[in-house]
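# Architecture and fold: a report
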Amino acid sequence: MSLAVQIRQHGGPEELHVVDVAVGDPGPGEIRIRHHAVGLNFIDVYHRTGLYPLSMPATLGMEGAGIVEAVGEGVTHLKAGDRAAYASNPPGSYSEVRVMPAKTVCKLPDAIGFETGAAMMLKGLTAQYLLKKTLPAEGLQPGDHVLFHAAAGGVGLIACQWAKALGLQLIGTAGSDEKCRLALANGAAHAINYRTEDFAARVKDITGGKGVKVVYDSVGKDTWEKSLDCLRPFGLMATFGNASGPVPAFPPGLLGAKGSLYVTRQTLFTHMATREATQAMADDLFAVVQSGAVKIHIEQRYPLRDVQQAHRDLEARKTTGCTILTLE
């Protein structure tokens, strides 16, 4: 038996229940892993509320790290006893032990601790595909400006550091002066408090009226329209989340009027469709973390049993950096 956090229906944090579940042996292409720590991500809120619907009952969580207990037939890249970490579909990491597909589970280097592994996989791999693969038509070169919303969050702080390592001038937005200072301390070239400043006007000022080549936006509805105004001609609007709600429908002609813009809606698991692609992305993340160019900031820790409070704090924008659920 294993403790796990399940929902029986979509709704608020009060729908999160810690229950006992039976865990069997892994089947073909699967592993059984005992978690040491679990990552908390905004996609978990989308699953809980039903924005991304799940079949009930559902165990939440997309990110974790621990020890492989057993492997199923056909799994060759892992063995029992391996240290491992993952970002993975289907959800289920809010648990002590789980059986899951092995495809997106990677060996965790000895130099990276379990808590760091649990905190960085989904967020770090997201930053990786955004900065390395989600690029404007003209590409990105050192010195180019990019705009990154929610720059003091888990993905944002990793992106700030990684962008600096790539020579990019990242303009970050955040919801308080304290969060703006945090983004700047982690490599953002500029930080804008969107609650007190017009971020579109500030971006135009910072870039000498040219705008940025790309906007990376996980906020959604609240930042969408002004983000389009931040782009230079042929710029790319890369939306990858909906923290404030889904982006409303818009006429394609709007993109022409604002400078022949491009729009893309990216998902991590499209990029992680194969074992080889997953490993290559993870190797890139492991290398930049082990080099010290990117540090994983775990700012909040909650026992698994306090998962309701963790969700309340995440939705209230009270968290910064990465958050993990610990296993007693």
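In what follows, the accompanying structure is described. All of these numbers come straight from a predicted model, not from anything done at the bench.

## Brief notes about the overall build of the protein chain
Summing up its helical and strand segments, the protein chain has 10 helices and 16 strands in all. Whereas a compact globule of 328 residues would reach a radius of gyration of roughly 20 Å, the protein chain reaches 20 Å, a difference of no more than 12%. Along the longest, intermediate and shortest principal axes, the C-alpha atoms of the protein chain span 60 × 40 × 35 Å. A separation of at least 24 residues holds for 69% of the contacts in the protein chain among residues at least 6 apart in sequence. As displayed, the protein chain offers around 13,200 Å² of accessible surface, 52% of which is attributable to carbon and sulfur atoms.

## A closer look at the sheet that holds strand E4 (residues 58–59)
Neighbouring strands of a sheet are bound in pairs by backbone hydrogen bonds; such pairs are parallel or else antiparallel. Read across the sheet, 3 strands follow the order E2-E1-E4 without closing on themselves; strand pairing throughout is antiparallel. Of all strands in the sheet, those bounded by a partner on one side alone are strand E2 (17–21) and E4. Note that strand E1 (residues 2–7) and E2 share 5 bridges and pair antiparallel. Across the sheet, residue glutamine 6 finds its bridge partner in E2, namely histidine 17.

## Some remarks on the packing of helix H1 (residues 42–49) against helix H10 (residues 307–315)
Relative orientation of the contacting elements H1 and H10 amounts to 110°, with a least axis distance of 10 Å. It follows from the interaxial angle that H1 and H10 lie roughly perpendicular. Between H1 and H10, the contacting residues are Phe42, Asp44, Val45 and Arg48 on the first element and His311, Leu314 and Glu315 on the second. Considering only residue class, the contact of H1 with H10 consists of 3 nonpolar, 1 polar and 3 charged.

## Here's the deal with the state of the cysteines
When the sulfur atoms of two cysteines share a covalent bond, that bond is a disulfide. Tallied over the full model, the rule gives 0 disulfides. Free of any disulfide, cysteine 322 has its nearest cysteine sulfur in cysteine 160, 12 Å distant. Judged by its relative accessible area of 2%, cysteine 322 falls in the buried class.

Cut-offs applied
Residues numbered from 1 in each chain as written. Predicted model: local features only at pLDDT ≥ 70, side-chain atom pairs only at ≥ 80, totals over all residues. Heavy atoms only, no water. Helix = DSSP H or I, 4+ residues; strand = E, 2+ residues; numbered from the N terminus. Rg over C-alpha atoms; globule rule 2.2 N^0.38 Å. Contact = heavy atoms within 4.5 Å. Areas by Shrake-Rupley, 256 points an atom, 1.4 Å probe, with all protein chains shown as cover. Pairing = 2+ DSSP bridges. Axes fitted to C-alpha atoms, helices over the stretch in contact; angles between N-to-C directions. Parallel < 35°, antiparallel > 145°, perpendicular 65-115°, else oblique. Nonpolar A, V, L, I, M, F, W, Y, C, P; charged D, E, K, R; others polar. Disulfide = S-S within 2.5 Å. Buried < 20%, exposed > 50% of the residue type's maximum accessible area, 1.4 Å probe, protein only.

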